[in-house]
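Fold and geometry: a report
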Amino acid sequence: MAQRIMRSDELEQRTHLIGIGVAAAVISVVSIVSGFLAASNVLTLDATSAILMWIFPVLMLTYGAARSHAARRYGSSGCDEEERTPLYVRLLWAAALLGAAAIFLLSRDVDAASILFGMAGALVAAGAFFGIRRWQHRRAQRQ
Amino acid sequence: MNNHLRRLREQRGWSQGDLAERLDVSRQTVNAIETSKYDPSLPLAFRIAKLFRQSIESIFEPARD
């Protein structure tokens, strides 16, 4: 991630900063509210651990959405990918990692495995969506 | 801030991608500067001025209120 930002030019670094800022703000609010609810015994330990499990995916999704919104504000179409690894490949890699973690948890009979399988499925769907969009965009450019 | 970047680029027959490569930035950045959606940093403005062999103030001018 750091290398990706270092390789970016000044406008891309600004959109990264906006994305990270928005994601940090959203996650901070969710974390502090969950923390207070857990401290006052409104949330059980299971519910708190379930929330903690969602922090990373929500962080990445919020960052991606905020950065995409900021890039569009500066005139990017959202389909212009000049990065070494396209978005759909990164999503599929994340899905593979979550899938592997889910299989590991399943082998240990941990209930959270089903949540991770769900997340991995959602990432595969998102990867397929962005992959098809990229293919359509490239085909339209060739014509 | 307004600028004459698009006119200067088109005079030389360069695409946005060509200019981006010469300035070592992305094509999106060139597009954002040309459409006045983004004001470049001072180092980038100097690079642009040097590339077109003009002064910064002849390429960039303050927006009229």
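Values in this document were obtained by computation on a predicted structure and should not be read as measured data.

1. Concerning the interface of chain A and chain B
Across the boundary between the two partners, chain A contributes 11 residues, which contact 12 residues of chain B. In this assembly, chain A packs against chain B so that about 1,000 Å² is buried in total across both faces, 46% of it on carbon and sulfur atoms. Along the contact surface separating chain A from chain B lie 0 salt bridges. At the boundary of chain A with chain B, the tally comes to 5 residue pairs in polar contact (both at pLDDT 80 or more). The dominant element in the side of chain A that touches chain B, judged by the number of residues it contributes, is helix α2 (residues 10-39) of chain A, at 4 residues. Here the side of chain A that touches chain B is built from residues that sort into 2 nonpolar, 2 polar and 7 charged.

2. Looking at the confidence of the model for chain B
Note: predicted coordinates in regions of low pLDDT should not be interpreted at a detailed level. Across chain B, the average pLDDT comes to 92, with 98% of residues at 70 or higher. At the level of chain-chain contacts, confidence expressed as ipTM amounts to 0.80, with global pTM at 0.67.

3. Some remarks on the nonpolar core
Residues and elements named next belong to chain B. With 21 residues, the main nonpolar core has L19, I33, I48, F52, I59 and F60 as its most contacted residues. Sorting the residues of this core by element identifies α1 (5-11), α2 (16-23), α3 (27-34), α4 (42-52) and α5 (56-59) as the ones contributing at least two each. In terms of residue count, the dominant contributor to this core is α4 (5 residues). Ignoring any residue separated from it by four or fewer positions in sequence, one finds I33 in contact with N3, L5, Y38, P40, L44, I48 and F60.

4. Structural notes on the packing of helix α4 (residues 87-107) of chain A against helix α5 (residues 113-142) of chain A
Residues and elements named next belong to chain A. α5 packs onto α4 with a crossing angle of 165° between their chain directions and a minimal axis gap of 8 Å. Regarding the angle of α4 to α5, the classification is roughly antiparallel. By crossing handedness, the relation of α4 to α5 is classed as left-handed. The residue makeup of the contact of α4 with α5, split by class, is 21 nonpolar, 3 polar and 1 charged.

5. Here we look at α3(B)
By the criterion of burial, α3(B) is predominantly enclosed, with 7 of the 8 residues buried. Listed in full, the buried residues belonging to α3(B) are B:Q28, B:T29, B:V30, B:N31, B:A32, B:I33 and B:E34. For α3(B), the elements touching its buried residues are α2 of chain A together with β1 (2-3), α1, α2, α4 and β2 (60-61) of chain B. Once α3(B) finishes, B:S36 follows within two positions and takes phi at roughly 60°, a positive value.

6. Section: the pattern of salt bridges
Residues and elements named next belong to chain B. This model, assessed by the stated rule, comprises 2 salt bridges over all chains. A salt bridge links E34 to R6, with the shortest nitrogen-to-oxygen separation between them at 3.6 Å. With E34 in helix α3 and R6 in helix α1, this pair connects stretches of sequence that are 28 residues apart. With relative accessibility at 8%, the residue E34 sits in the buried group. Residue classification places R6 among the partly exposed positions, given a relative accessible area of 34%. With its nearest N and O atoms 2.4 Å apart, the salt bridge here joins E34 to R9. Of this pair, E34 sits in helix α3 while R9 is found in helix α1, placing the two residues 25 residues apart along the sequence. Of the two residues, E34 and R9, neither departs from the other in class, the shared state being buried. Each of the salt bridges in this network shares a partner with another, and the network as a whole consists of R6, R9 and E34.

7. A closer look at helix α3 (residues 45-73) of chain A
All names here are of chain A. The end-to-end C-alpha distance of α3 is 41 Å, a good match for the 42 Å that 29 residues give at a rise of 1.5 Å each. Helix geometry: α3 is bent most strongly at I55, by close to 35°, with proline P57 lying one to four residues after it. Residues T48, P57, T62, Y63, A66, R67 and A70 constitute the buried set of α3. A positive phi of about 100° marks G75, the residue just after α3.

Parameters and conventions
Residues numbered from 1 in each chain as written. Chains lettered and ligands numbered in written order. Predicted model: local features only at pLDDT ≥ 70, side-chain atom pairs only at ≥ 80, totals over all residues. Heavy atoms only, no water. Contact = heavy atoms within 4.5 Å. Buried area = accessible area lost by both parts, 1.4 Å probe. Salt bridge = Lys/Arg side-chain N within 4 Å of Asp/Glu carboxyl O. Polar contact = N/O pair within 3.5 Å; in protein donor to acceptor, adjacent residues only side chain to side chain. Helix = DSSP H or I, 4+ residues; strand = E, 2+ residues; numbered from the N terminus. Nonpolar A, V, L, I, M, F, W, Y, C, P; charged D, E, K, R; others polar. pLDDT = per-residue confidence, 0-100. Core = buried A, V, L, I, M, F, W, Y, C linked by side-chain atoms within 4.5 Å. Buried < 20%, exposed > 50% of the residue type's maximum accessible area, 1.4 Å probe, protein only. Axes fitted to C-alpha atoms, helices over the stretch in contact; angles between N-to-C directions. Parallel < 35°, antiparallel > 145°, perpendicular 65-115°, else oblique. Left-handed = near helix turned anticlockwise from the far one by under 90°. Expected span 1.5 Å × (residues − 1). Bend = angle between axes of the 7 residues up to and from the residue.

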